[in-house]
Amino acid sequence: MATSIDSDVIPDSRRLSDELVARAAGLRDVLRQGGQFADDNRTLSPEVVDALQAADLYRLCVPKRFGGLEADVRTLVETTAEVARGDGSAGWVHALINSAAWIASTYSEQAQQDVWGTNPDARLCTVLNPVEDVRRVDGGYVVSGKWPFASGSAHSQWAHLGVMTPDDEGNRVQNLALFPMDELEIVDTWFVVGMRGTASNTLVARDVFVPDHRVQRYDDLAADIYATSSEAPVHRESFLPVLGVVLCGAQLGLAQAAVDLTLANLPRRTVMYSKYDHAVDAPANRTGIAEAVSSVDIATMVARRACDDIVRLAHEGA
């Protein structure tokens, strides 16, 4: 059985994590107040974005040499859950922007300087699905295409986008490339019922040049072969497990928010056509709530253990 990482092994990391989770929890009222704006405008409110930025919660995965926090994947998942407990769309954007920063930290030093060298607060979004309209030119590639569902693109200065590039044998190879947002167009396509505030619109490139140093082969990333020269354990966390588990955080927070709402409202309700004047006294309600709370707790524990396995293996160099 996999074991969770011992808190004595990396106490400084855990202390940082606890502090950041507390910061996220402290923003719950601001996040909930911004929920209506997000629903009406299909994007996060400026107040919410500014509050998350002021709390350094968009710099979790930025390398320390650029003023970031280099937080591990468990910290990202736990802060995401707390943000989503206040607002689901904000939590999802939080997860995607920070995981995109972590991806950028796996790139070459030159690419990282492009992103954060002049703007340490630069944020990124990611769409992995690749486009085919890519041609090789001297020093890089010229790319055209469309990438839908770019969560957080409204608040980002850079984007990781999937591209299919030709190799020396003429085959198409999947890659991930870094684009400045000012060379892309955002097309407003995000008309949905739920998670409206994520602003997951479509990005469009028209003959955009991408230099070689801002391209990484997807097979290398999936094999945990990164262009970065950093040996910090956080930059050695495994690519596919990280990108999988970070998507759990918003769901954990939304589930906990549903429990919060139920517990807050139930004491004020009755059970119609029954002897129970208070809904909290009904055995069916008590059983249902107990099952829901247990489910959320179990899901949270499983996610934490998955994160701890990723962090432990990165520290061990495995």
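Residues numbered from 1 in each chain as written. Predicted model: local features only at pLDDT ≥ 70, side-chain atom pairs only at ≥ 80, totals over all residues. Heavy atoms only, no water.

Volume-wise, the largest pocket comes out at about 330 Å³. Considering the residues around the largest pocket, the lining is formed by 17 residues, among which Trp 92, Leu 96, Thr 126, Leu 128 and Leu 247 are closest to the centre. Elements that contribute at least two residues to the lining of the largest pocket include exactly α6 (88–104), β1 (124–131), β3 (140–150) and α9 (239–245). Considered class by class, the residues forming the lining of the largest pocket number eleven nonpolar, six polar and no charged. (1 Å grid on protein atoms, 1.4 Å probe; cavity = no way out; pocket = protein on both sides within 12 Å on 5 of 7 lines; lining within 4 Å. Points joined across faces, edges and corners; volume = space filled by probe spheres on them. Helix = DSSP H or I, 4+ residues; strand = E, 2+ residues; numbered from the N terminus. Nonpolar A, V, L, I, M, F, W, Y, C, P; charged D, E, K, R; others polar.)

So, about the pairing of β3. Taken across its eleven residues, β3 has eight buried, putting it largely inside the fold. Direction of pairing for strand β2 (residues 134–137) relative to β3: antiparallel, over a ladder of four bridges. Bridge assignment links Arg 136 to a residue of β3, and that residue is Tyr 141. With antiparallel pairing between neighbouring strands as the criterion, β2 and β3 make up a hairpin whose turn holds two residues, including Gly 139 at a positive phi of roughly 85 degrees. The pairing of β3 with strand β7 (residues 201–211) spans eight bridges and is classified as antiparallel. Residue pairing for β7: Ala 150 is matched across the bridge by Asn 201. (Buried < 20%, exposed > 50% of the residue type's maximum accessible area, 1.4 Å probe, protein only. Pairing = 2+ DSSP bridges.)

Across the sheet, which stays open at both edges, the four strands sit in the order β2-β3-β7-β6 with antiparallel pairing between neighbours. The sheet terminates laterally at β2 and β6 (185–187), the two strands that pair on one side only. Along the sheet, successive strands turn relative to each other by an average axial angle of 20 degrees, direction set aside. Alignment of β6 against β7, held across three bridges, turns out to be antiparallel. Within β7, the residue paired with Glu 185 across the bridge is Val 204. (Axes fitted to C-alpha atoms, helices over the stretch in contact; angles between N-to-C directions.)

For the structure shown, the criterion picks out six aromatic pairs. Each ring, one from Trp 102 and one from Tyr 226, has its centre 6.1 Å from the other, and the planes form 85 degrees; the classification is edge-to-face. Taken together, the residues Trp 102 in helix α6 and Tyr 226 in the loop between α8 (218–222) and α9 connect sequence positions 124 residues apart. Like Trp 102, the residue Tyr 226 is buried in the burial classification. Aromatic side chains Trp 147 and Phe 179 sit 5.7 Å apart centroid to centroid with 55 degrees between the ring planes, which places their arrangement in the tilted category. (Phe/Tyr/Trp six-rings, centres within 6.5 Å; stacked < 30°, edge-to-face > 60°.)

Time to look at the sheet that holds strand β8 (residues 215–217). Strands sit in the order β1-β4-β5-β8 across an open sheet of four strands; the sheet is mixed. Either end of the sheet is taken by a strand with one partner, and the two such strands are β1 and β8. The mean angle between the axes of side-by-side strands here comes to 25 degrees, regardless of whether they run parallel or antiparallel. As paired strands, strand β5 (residues 172–180) and β8 are joined by three bridges and run antiparallel to one another. The partner of Ala 177 across the bridge, within β8, is Val 215. Running at roughly 75 degrees to β1, α6 makes contact with β1, β4 (158–166) and β5 of the sheet. (Contact = heavy atoms within 4.5 Å.)

Right, let's talk about the nonpolar core for a bit. Core analysis: the largest hydrophobic core is formed by 54 residues, its most contacted members being Leu 57, Leu 60, Val 73, Trp 102, Trp 116, Leu 124 and Phe 239. For this core, the leading source of residues is α6, giving eight residues. Sequence-distant contacts of Trp 102, defined by excluding residues within four places in its chain, comprise Cys 61, Tyr 226, Val 234, His 235, Glu 237, Ser 238, Phe 239 and Val 242. With 20 residues, the next largest nonpolar core counts Val 134, Leu 184, Leu 203 and Ala 205 among its residues. (Core = buried A, V, L, I, M, F, W, Y, C linked by side-chain atoms within 4.5 Å.)

Here β4 lies mainly inside the structure; eight of its nine residues are buried. Sheet analysis places β4 next to β5, joined by nine bridges and oriented antiparallel. By the bridge assignment, Thr 165 is partnered in β5 with Val 173.

Turning next to helix α7 (residues 109–116). If you check which residues of α7 are buried, you get Ala 111, Gln 112, Val 115 and Trp 116. In a view along the axis of α7, the buried residues occupy a sector of 110 degrees, so they form one face of it. Where the residues of α7 are buried, they touch α6, β1, β4 and β5. (Arc of directions from axis to C-beta.)

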